[in-house]
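So the chains spell out like this:
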Amino acid sequence: MSAFIDMYVTQALLPSLQQTFHASVAVLSLTVTTTTLAVAFAAPFTGSLSDRYGRKTVLMTSLLCLTGCTLMAATAENLRVLLLWRLLQGLFIPGVFTTTVAYIGEEWPAERVPGVTALYVSGTVFGSFCGRFLAGIITARYGWKTAFLTLGIVNLAFIPVIAVALPSSRRFRPSTQLVASLSGLGSHLRNRRLVATYTVGFGILFSQVATFTYVAFYLSSPPFALTLHALSFIFCVFLIGMVITPFAGSLAARFGHRGMFAFAMATGSLGLLLTTQPSLAMVATGLTLSSGGVFIAQAMATSLVSRFARRNRSLAVGLYVLCYYLGGSVGAVLPSAVWGGVGWIGCVALVILAQAIITFIAWRTWVFRATPDSRFC
């Protein structure tokens, strides 16, 4: 939650930032893309640092730096400075969740990893909702700088709680050298199932970011013409993901990751089709289905990374995060090419195509030979 509360904060502020900086949709999308790109390229290195220096040490250091950057973003006087602080936020965010996913894979028995990972994803969902919702509500009344200041204070309040409550690793075995922790890169890239899962991760966040970046412009235009305050409540649809994702972990143990993933993507695509109707109730329902599908899919993919990587797990997670956030970066920018021509319908078609492709990839590659663990895929 502490990491994701800052991740997509500007998605809720795009109409307000457009009025403040008088920039185009494509330029304003950089407030999302800059952060996701920084996350993508920093993730493998923070994973290696975690393999070398320990999970909790890297996690707490990253949280402290992220909090400082969030507070400093409130001092930005122009779009360039804001983009700089968004870039720095992105550099420190991976230190939180690459270590967390590796921590889960090490500290819990294999049969419990899907369920615990789903709980972790629920925390990221709640953080994503809080960041967007609070930022929108606060900006509508006090301005976007106050929104960043508030989120920084929230992060600051959580740091001592995490420091005290999170147990130190019991099963962690550090790499002897930082270079040694990077030595697993080649084996990870030769692992067919890992590479497929990285591709799936790219498509998952592409879908989510493309949807919730451009839906703000869609709903702020006629026939909806929602205000910034009203737009903030659209992100309440994320809460359904927080509720259903923990159940997805236990269902995956029974019905398999492939089946749950295919169901999630079908649900998400159906939801996107509903958003094309000129009814706010239909759009809200569609966004609820879409976000719920994406969060379940993310839980499935994330829990498999640690299972497919037998060693250098933080590096494996870091590579997944690299591909995942590259997908988010592309998702923030690529739909602008169709937005100007065909609008929201073009964005929906693009996202559904991406979801169909990654469903096919997951179905073909998430297959185990008959082993005691095969039930998990």
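Being a predicted model, the structure only gives us computed values, none of them experimental. (Residues numbered from 1 in each chain as written. Predicted model: local features only at pLDDT ≥ 70, side-chain atom pairs only at ≥ 80, totals over all residues. Heavy atoms only, no water.)

### What about the overall build of the protein?
Within the protein, the secondary structure is distributed over 19 helices and zero strands. At 20 Å, the protein has a C-alpha radius of gyration in line with the 21 Å of a compact globule built from 377 residues. Principal axes of the C-alpha set define a box for the protein whose edges measure 55 × 40 × 30 Å. By the burial criterion, 57% of the 377 residues in the protein qualify as buried. Taking the contacts inside the protein whose residues are at least 6 apart along the sequence as the reference set, 84% of them involve residues at least 24 apart. (Helix = DSSP H or I, 4+ residues; strand = E, 2+ residues; numbered from the N terminus. Rg over C-alpha atoms; globule rule 2.2 N^0.38 Å. Buried < 20%, exposed > 50% of the residue type's maximum accessible area, 1.4 Å probe, protein only. Contact = heavy atoms within 4.5 Å.)

### So, the nonpolar core
Among the nonpolar cores identified, the biggest contains 107 residues, and Leu82, Phe97, Ile204, Leu219, Phe261, Tyr325 and Trp366 are the most heavily contacted of them. Here this core gets 13 residues from one element, more than from any other, and that element is helix H12 (residues 192-220). (Core = buried A, V, L, I, M, F, W, Y, C linked by side-chain atoms within 4.5 Å.)

### Concerning the environment of Ala362
As for its position among the elements, Ala362 is in helix H19 (residues 344-365). Of the residues examined, Ala362 reaches a relative accessible area of 1% and is grouped as buried. Setting aside chain neighbours within four positions, we find Ala362 in contact with Val200, Arg258 and Phe261.

### Things to note about the pattern of salt bridges
The full count for this structure, using the stated rule, is three salt bridges. One salt bridge in this structure joins Arg55 and Glu106, with 2.3 Å as the shortest N-O distance. One end of the pair, Arg55, is in helix H5 (residues 55-73); the other, Glu106, is in helix H7 (residues 94-107), and 51 residues separate them in sequence. Each of the two residues, Arg55 as well as Glu106, counts as buried. The shortest N-O distance in the salt bridge between Arg170 and Glu107 comes to 3.3 Å. In this pair, Arg170 sits in the loop between helix H9 (144-165) and helix H10 (178-181) while Glu107 sits in helix H7, placing the two residues 63 residues apart along the sequence. On the basis of relative accessibility, which here comes to 6%, the residue Glu107 falls in the buried class. (Salt bridge = Lys/Arg side-chain N within 4 Å of Asp/Glu carboxyl O.)

### Details of empty space enclosed by the protein
In this structure the tally under the stated criterion is three cavities of 30 Å³ or more. The space that makes up the largest cavity amounts to roughly 130 Å³. Elements represented by at least two residues in the lining of the largest cavity include exactly helix H8 (113-142), H12 and helix H16 (280-308). A total of six residues in the lining of the largest cavity trace back to one element, the largest contributor, which is H8. Class assignment for the residues of the lining of the largest cavity results in 10 nonpolar, four polar and one charged. Counted as a void, the second largest cavity has a volume near 80 Å³. Considering the residues around the second largest cavity, the lining is formed by Phe4, Phe97, Val101, Tyr120, Gln298, Thr302, Val317, Tyr320, Val321, Tyr324 and Tyr325. At the level of secondary structure, the elements contributing two or more residues to the lining of the second largest cavity comprise H7, H16 and helix H17 (313-333). Sorting elements by how many residues they give to the lining of the second largest cavity places H17 first, with five residues. (1 Å grid on protein atoms, 1.4 Å probe; cavity = no way out; pocket = protein on both sides within 12 Å on 5 of 7 lines; lining within 4 Å. Points joined across faces, edges and corners; volume = space filled by probe spheres on them. Nonpolar A, V, L, I, M, F, W, Y, C, P; charged D, E, K, R; others polar.)

### Some remarks on H19
Taking 1.5 Å per residue, 22 residues should reach 32 Å; H19 reaches 32 Å between its end C-alpha atoms and fits that length. Listed as buried for H19 are Trp344, Gly346, Cys347, Val348, Val351, Ala354, Gln355, Ile358, Thr359, Ala362 and Thr365. Summarising the contacts, the buried residues of H19 are in contact with H12, helix H15 (257-274), H16 and helix H18 (336-342). (Expected span 1.5 Å × (residues − 1).)

### A few points about H9
A rise of 1.5 Å per residue sets the reference length of H9, with its 22 residues, at 32 Å; its end C-alpha atoms lie 32 Å apart and thus fit the reference within 8%. When we look at burial in H9, the residues that qualify are Trp144, Ala147, Phe148, Leu151, Gly152, Asn155 and Ile159. For H9, the elements touching its buried residues are helix H1 (4-7), helix H2 (14-21), H5, helix H6 (79-92) and H8.

### Examining the side chain of Thr99
Structurally, Thr99 can be placed in helix H7. Judged by relative accessible area, which is 1%, Thr99 ranks as buried.

### Description of the confidence of the model for the protein
Per-residue confidence for the protein averages 86 on the pLDDT scale, and 94% of its residues sit at or above 70. Across the protein, element-level confidence peaks in H19 with a mean pLDDT of 96 and bottoms out in H10 with 56. This model gives residues 370-376 a pLDDT under 50, and the stretch forms 16 contacts once residues within four places in sequence are excluded. (pLDDT = per-residue confidence, 0-100.)

### Things to note about unusual backbone geometry
Geometrically, the link from Pro222 to Pro223 is a cis peptide bond, its omega value of 10° lying close to zero. Non-glycine residue His22 carries a positive phi angle of around 55°. Looking at His22, the relative accessible area reads 69%, which means it is exposed. Its identity as a non-glycine residue notwithstanding, Ala225 has a phi of 50°, on the positive side. Position of Ala225 relative to the elements: it lies in the loop between H12 and helix H13 (228-232).

### Details of the layout of surface pockets
Reported here for the largest pocket is a volume of approximately 590 Å³. What lines the largest pocket is a set of 22 residues, and nearest its centre among them are Met1, Thr100, Tyr120, Ile162 and Leu166. Broken down by secondary-structure element, the contributors of at least two residues to the lining of the largest pocket are H5, H7, H8 and H9. Split by residue class, the lining of the largest pocket holds 18 nonpolar, four polar and no charged.

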